[in-house]
Amino acid sequence: MTKRYEKIDKSFFDEVHDRTGTGAIKYDVTPGGVSYPDMLPLWVADMDFKAPPAVTDALVSCARHGIFGYTDLGEEYGRAVTDWFYRRMGLRADPSWIVKAPGVVFSMCMAIRALCAPGDAVLICQPVYHPFAKIIPANGRRLAVTELVMKNGRYEIDFGDFEDKIKRNNVKLFLLCSPHNPVSRVWTRAELEKMAEICRRHGVLVVSDEIHSDFVYEGHTHIPFASLSSEVSDMTVTCTAPSKTFNLAGLQAANMLIENKTLRERVRRECLSAGYGGHNVAAACASLAAYKHGEQWLEVLLSYLSDNVGLLSEALDATNGKVTLIRPEGTYLMWLDCRALSMTDEELDAFFLKSAGLYLNSGYIFGRGGSGFMRMNIACPKETLDAALGRLSRAVSKL
Ligand SMILES: Cc1ncc(COP(=O)(O)O)c(C=O)c1O
């Protein structure tokens with residue numbers, strides 16, 4: 001019998017949990033190995049919230065069973081994943097399209113190795129989640145970069161440069177980040193169609209990292225790249241995971257969705273040749289429970305995050321333009337424009353760490369165009385965010 005879960009309300013997300021000493025990277029790893037007393041960590045992309053109760057129940061029941069053998073939850077798992085993407089964002093995928101992986105970065109590495117040859121060029125749009133720029137040369141491919149441009153406070157793709165970079169470097173693969181971390185853009189249909197049209201014209205395959213697809217703010221809609229048309233689906237590897245959505249990053253489960261059978265089998269073979277056979281039992285049970293029972297939890301979380309955006313926005317408005325918020329369309333990672341502080345990147349790091357007592361991600365790690373910005377994770381209880389914003393306001397007013 002399926003258990004019915006009580007409705008979550010916002011008070012669930014108000015609870016402050018002590019994560020120190022648990023091995024949580026966010027809390028137990030310090031910037032550059034240096035400990036700063038009383039530092040608030042708002043960096044790496046996991047949330048300070050408990051996962052949906054159904055996930056914890058599934059893990060407890062898995063642990064109680066006490067046998068942790070090789071596991072495949074089969075059709076039920078595949079359906080839970082594909083139903084989620086259909087119901088929430090209109091992507092019609094078949095469970096047979098799924099290629100499992102331990103993470104999205106791993107998925108992208110496998111897709112790079114399977115779908116282009118050593119020495120081929122792979123395009124990314126910077127600033128972008130920093131592993132994008134690392135995994136391309138790490139897998140023996142050439143990095144090609146087009147820089148996003150800011151127009152009226154909003155980032156856009158310079159399509160002229162995008163196509164030029166593809167032509168000049170003979171690009172074979174494009175790594176799309178959608179929604180885009182860290183500039184928190186949710187690409188519009190027109191933008192995605194333009195990317196698809198250029199890529200198709202030049203025979204460029206697309207690996208679309210949609211790990212943040214569930215985090216979209218009012219007025220914006222995430223459109224899965226592969227849902228644009230059957231032709232686009234045929235040239236796309238969609239990288240998904242329950243890890244950001246339900247805060248399960250430490251469990252390591254991801255699912256690629258690949259309609260094109262030839263591409264799918266190439267990627268699947270690459271995973272097998274890396275020695276990867278499928279999700280571990282805890283990851284499988286937790287992911288299934290999350291996709292089946294986590295939706296109401298997510299709806300309340302989205303509303304909570306949207307309130308947090310409001311608090312951040314108010315606090316930054318009060319800095320009189322010294323630190324401005326790039327209006328977020330998606331993700332819980334906020335992109336703060338600190339250029340008006342006129343600091344070098346080193347000074348900016350020191351300002352946040354030492355004067356404000358906040359550990360954020362420095363913008364420059366995300367590549368071209370990241371200098372002068374900081375990335376702030378607001379997926380924390382209001383009490384934590386209030387404390388962080390108080391520290392930031394006081395530090396700015398002392399400048
Ligand atoms: C855009 C993006 N892709 C991938 C990841 C990491 O995914 P995984 O831990 O599944 O490799 C992150 C984590 O922050 C991310 O922001």
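Cut-off values and rules
Residues numbered from 1 in each chain as written. Predicted model: local features only at pLDDT ≥ 70, side-chain atom pairs only at ≥ 80, totals over all residues. Core = buried A, V, L, I, M, F, W, Y, C linked by C-beta atoms within 7 Å. Buried ≥ 20, exposed ≤ 12 C-beta atoms within 10 Å, placed from the backbone. Domains from an automatic or database assignment. Contact = placed C-beta atoms within 7 Å. Pairing = 2+ DSSP bridges. Helix = DSSP H or I, 4+ residues; strand = E, 2+ residues; numbered from the N terminus. Axes fitted to C-alpha atoms, helices over the stretch in contact; angles between N-to-C directions. Nonpolar A, V, L, I, M, F, W, Y, C, P; charged D, E, K, R; others polar. Left-handed = near helix turned anticlockwise from the far one by under 90°.

Peer 1: Report on the nonpolar core, specifying residues and quantitative values.
Peer 2: Buried together is how nonpolar side chains tend to be arranged in soluble globular proteins. Ranked by size, the top nonpolar core spans 125 residues in total, and within it Ile112, Leu173 and Val267 carry the most contacts. Three or more residues apiece are contributed to this core by two domains, here domain 1 (11-52 + 295-397) and domain 2 (59-293). Ignoring sequence-local partners within four residues, the contact set of Val267 consists of Val99, Met110, Ala111, Ala114, Val237, Met256 and Ile258.

Peer 1: Break down the sheet that holds strand E3 (residues 121-126) for me, with residues and values.
Peer 2: Ordered in space as E2-E10-E9-E8-E7-E3-E4, the seven strands form an open sheet in which the pairing is mixed. In the strand order of this sheet, the two ends are held by strand E2 (98-101) and strand E4 (142-147), each with one partner. Strand-to-strand twist in this sheet, taken as the mean axis angle between neighbours without regard to direction, amounts to 25°. Bridge analysis of strand E9 (residues 236-240) against strand E10 (residues 254-257) gives three bridges, and the strand direction is antiparallel. For Thr238, the partnering residue across the bridge sits in E10 and is Leu257. The sheet contacts of helix H7 (residues 159-169) involve E3, E4 and strand E7 (171-177), and relative to E4 the element is tilted by about 160°.

Peer 1: Tell me what's going on with the domain arrangement of the chain, and back it up with residues and numbers.
Peer 2: The domains assigned to the chain are domain 1 (11-52 + 295-397) and domain 2 (59-293). With 27 residues of domain 1 at the contact, the number on the domain 2 side is 34 residues. Listing elements by their share of the side of domain 1 that touches domain 2, those giving two or more residues are helix H13 (295-317) and strand E12 (333-337). A breakdown of the residues in the side of domain 1 that touches domain 2 according to their chemical character gives 15 nonpolar, seven polar and five charged.

Peer 1: Describe the packing of helix H3 (residues 53-65) against helix H12 (residues 281-293), listing the residues and the values that go with them.
Peer 2: In a pair of packed helices, the angle between the axes and the distance between the axes together describe the arrangement. Packing of H3 against H12 brings their axes to within 8 Å, and their N-to-C directions diverge by 145°. As for how H3 packs across H12, the hand of that crossing is right-handed. The segment H3 lies against H12, with Ala54, Val55, Asp57, Ala58, Leu59 and Cys62 engaging Val281, Ala282, Cys285, Ala286, Ala289, Ala290 and His293.

Peer 1: Break down the environment of Lys194 for me, citing the residues and quoting the values.
Peer 2: Relative to the helices and strands, Lys194 resides in helix H8 (residues 189-201). C-alpha of Lys194 to C-alpha of Ala138: the two residues are 56 residues apart in sequence and 29 Å apart in space.

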